[in-house]
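# Structure assessment
Here is what each chain is made of, one letter per residue.
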Amino acid sequence: MAANPQFRFFYVIWAFLENVFFGGLLYGWGSLVFVLKEDRVFSEICDDFGAPRNIVDAPKNISFLNQNTELAESSTMVAYLELANTSHSPVSVVNKQNLNCPDRDKRLTLLFTIGSMLYCVGCAVIGQINFKFGTRITRLFGLVSFIAGSLLVGFTTHDCPWLFFPGLVLLGSGGAILLVTNMQFSMLFTEGSSTVVSVLSGAFDGSSGVMLIVKLAHEAGIALRWSMMFLAGFYTVTLVSTFLFLPRGFIPKALPQPIRDLDLEMDVELLEKNKTHLDDGTKNAVNTETETLKEKGQMQKKELPSLVSCIVSPVYWLHVVWLSILQLRFYYFLGSLNTWLTELLSTKEEVSYYTNVCLYAMMCGVVTSPVSGVVYDIFKRIFANSRSKMRRDLMPSVVPLALTSVLGIVVSLLVLLNKESVLYPLFVLNTCFRSFIYAMAAAYIGVMFPSEYFGILYGLTIILGGIISLAQYGFFEWQEATGVLSVNGFLIAFMALSLVHPVYQWICCRRAESRVVTEE
């Protein structure tokens, strides 16, 4: 069943809800890692208080002071409490139960790093599957992936921690398939397509709030496995869109190239028929117009560049570098959030509270993401009358791309302050930052390159960014060795490199416009 353009707004609403509930659950890592720690996953690495076991167990060795069991236990308790009251003792942070354990944090961080990278690889695979087999097969593959991932994550326990790794990858891939396939609904809009893309991207961002609900349910006594089993069953509602709203193949653009060619052919045919009723002078004019239309049709057919030329183009590679830098900053923030909050705050309750605040803020991505699309569409209208084609195509993206880079720099500056008072503005700006990253990553490729190549180019962009994101584990090691200040100081300069992309586009557009003006 093909999508009916008359119901395009309903389709977007449905796609929005799909992405909100199932899309970017991977971005709810802050809540998920909190639940894993509460369930004592990898607890064999550290004791309940995050201290080396030989230190905490030391008080028990004083039993030799008295052979009486009761007295020995009393002496152990006194010594234990004295140790807990020592300001420099790891046991003094009793309220940080199961949270402050650097070795376990490193293990979970490594899992998130590799999992997020493989998730990016999965996006590239999804693009290939989607390009070769069409929408329906891709979404059915996503159904299997999401359900399997949900069950693996849900049944991750202290005894079976290895289930979490493949579960995280499959869970993220199953959600990403919804984003890739639902992006097609933007093709039904002749205007505002970038806004639709950013709205769906915002819904994908807001789905991190689902993991917050899972965390709250866990604190209320509902086991992780029941929440994930519910999500696995609830995912089946996506079959409605798979079989009723989306076609087996792909949704063409609202004004696809074949239709424009057909219109030209019809115009030529009509002129040829009317030539018999015209005088010689008018016939010559008609012949001229006919040839012009034929040449225009041939030019339109030649407009589609090759896939290779798109991949090797400077604007594409600059976009890949831009995304890789900013995604690395975002992934590092997300992966180190729990560790950073644990070091910054004094109690487990505070860590839990600010983790919830961060996820509440990220849920607002459904509001902030459309802003980038609106900005993009506004600048497309502003530069629509530019004399050079390059300026019409490239210039609208300069401001939103530059704004995204600036947001990344500001986020790094706020983290550098390392104060509790900056957490609220930090979480809000980080949400805006993330929203602009992925909204612009998709919108830019959708506008600058043929829609036929979107799945491949977007998937390739994500996988290259995912490979670069492996560097975040090096940042975690660096942070542990020297502290958070040095890492974030470097990231400020690193974020500044991403400004090369919009600046290069601005220079190219200015030169192209000047060249056209000079030729005229």
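To be clear, the structure that these remarks concern was listed above.
### Details of empty space enclosed by the protein
In this structure the tally under the stated criterion is three cavities of 30 Å³ or more. Of the voids in this model, the largest cavity is the one considered here, and its volume is about 90 Å³. Forming the walls of the largest cavity are 14 residues, and the residues nearest its centre are Tyr119, Leu179, Tyr438, Tyr458 and Ile462. Of all elements in the fold, only α5 (102-133), α7 (164-182), α8 (193-206), α15 (314-344), α19 (423-448) and α20 (454-468) reach the threshold of two or more residues within the lining of the largest cavity. Of the residues belonging to the lining of the largest cavity, the class tally is eleven nonpolar, two polar and one charged. Every residue along the wall of the second largest cavity is listed here: Trp29, Val33, Lys37, Asp105, Leu108, Thr109, Gly335, Asn338 and Thr339. For the lining of the second largest cavity, the elements supplying multiple residues, two or more each, are α2 (29-38), α5 and α15. Tallied by class, the residues present in the lining of the second largest cavity amount to three nonpolar, four polar and two charged.

### So, the pattern of salt bridges
Under the counting rule described, the total for this entry stands at six salt bridges. In this structure, lysine 215 and glutamate 219 form a salt bridge, with 2.8 Å as the shortest nitrogen-oxygen distance. One end of the pair is lysine 215 and the other is glutamate 219, both in helix α9 (residues 208-219) and four residues apart, which spans about a single turn. Taking the relative accessible area as the measure of exposure, lysine 215 reaches 0% and is therefore buried. We note a salt bridge from lysine 380 to aspartate 377, for which the minimum N-O separation is 3.2 Å. Of this pair, lysine 380 and aspartate 377 both sit in helix α17 (residues 365-382), three residues apart, which is roughly one turn of that helix.

### Focus: the layout of surface pockets
Looking at the second largest pocket, its volume works out to about 280 Å³. Lining the second largest pocket we find 14 residues, and of these Pro102, Thr339, Glu343, Phe476 and Glu480 sit closest to its centre. When residues of the lining of the second largest pocket are traced back to their parent elements, those giving at least two are α5, α15 and α21 (471-482). The greatest single-element share of the lining of the second largest pocket, amounting to five residues, is contributed by α21. Broken down by class, the residue content of the lining of the second largest pocket amounts to three nonpolar, six polar and five charged.

### A few points about the packing of α21 against helix α22 (residues 484-497)
Direction vectors running N to C along α21 and α22 enclose 135 degrees, while the axes themselves pass 7 Å from each other. Taken together, the axis directions place α21 and α22 in an arrangement best described as oblique. Each of Phe475, Trp478, Gln479 and Thr482 in α21 lies in contact with α22, whose residues at this interface are Val484, Ser486, Val487, Phe490 and Leu491. A per-class count over the contact of α21 with α22 returns six nonpolar, three polar and no charged.

### What to know about a nonpolar patch on the surface
Residues Leu151, Phe155, Ile222, Trp226 and Met229 make up a contiguous nonpolar surface patch of roughly 460 Å² in combined accessible area. Within the fold, tryptophan 226 resides in helix α10 (residues 224-234). Tryptophan 226 gets classed as exposed once you look at its relative accessible area, which sits at 54%.

### A word on the side chain of serine 498
In this structure, serine 498 sits in the loop between α22 and α23 (500-519). Setting aside residues up to four positions removed in sequence, serine 498 forms contacts with Trp322, Ile325, Leu326 and Ser405.

### What about the side chain of serine 388?
Looking at the element boundaries, serine 388 is found in the loop between α17 and α18 (389-417). Those residues in contact with serine 388 that lie beyond four places of it in its chain are Ala512, Glu513 and Val516.

### Details of helix α6 (residues 135-154)
In this model, α6 (20 residues) spans 28 Å end to end at C-alpha, consistent with the 28 Å of a helix rising 1.5 Å per residue. Inspection of α6 places Thr135, Arg136, Thr138, Arg139, Gly142, Leu143, Ser145, Phe146, Gly149, Ser150, Val153 and Gly154 among the buried residues, and these make up the whole buried set.

### Here we look at unusual backbone geometry
The backbone phi angle of arginine 40 is positive, close to 65 degrees, even though this residue is not glycine. One can find arginine 40 in the loop between α2 and α3 (53-56). Of the residues examined, arginine 40 reaches a relative accessible area of 32% and is grouped as partly exposed. Of note, asparagine 418 is a non-glycine position whose phi angle comes to about 55 degrees, a positive value. With respect to the helices and strands, asparagine 418 occurs in the loop between α18 and α19. Given a relative accessible area of 31%, asparagine 418 falls into the partly exposed group.

Conventions and cut-offs
- Residues numbered from 1 in each chain as written.
- Predicted model: local features only at pLDDT ≥ 70, side-chain atom pairs only at ≥ 80, totals over all residues.
- Heavy atoms only, no water.
- 1 Å grid on protein atoms, 1.4 Å probe; cavity = no way out; pocket = protein on both sides within 12 Å on 5 of 7 lines; lining within 4 Å.
- Points joined across faces, edges and corners; volume = space filled by probe spheres on them.
- Helix = DSSP H or I, 4+ residues; strand = E, 2+ residues; numbered from the N terminus.
- Nonpolar A, V, L, I, M, F, W, Y, C, P; charged D, E, K, R; others polar.
- Salt bridge = Lys/Arg side-chain N within 4 Å of Asp/Glu carboxyl O.
- Buried < 20%, exposed > 50% of the residue type's maximum accessible area, 1.4 Å probe, protein only.
- Axes fitted to C-alpha atoms, helices over the stretch in contact; angles between N-to-C directions.
- Parallel < 35°, antiparallel > 145°, perpendicular 65-115°, else oblique.
- Contact = heavy atoms within 4.5 Å.
- Patch = residues over 30% accessible without salt bridge, like charges linked within 9 Å, V, L, I, M, F, W, Y side chains within 5 Å.
- Areas by Shrake-Rupley, 256 points an atom, 1.4 Å probe, with all protein chains shown as cover.
- Expected span 1.5 Å × (residues − 1).

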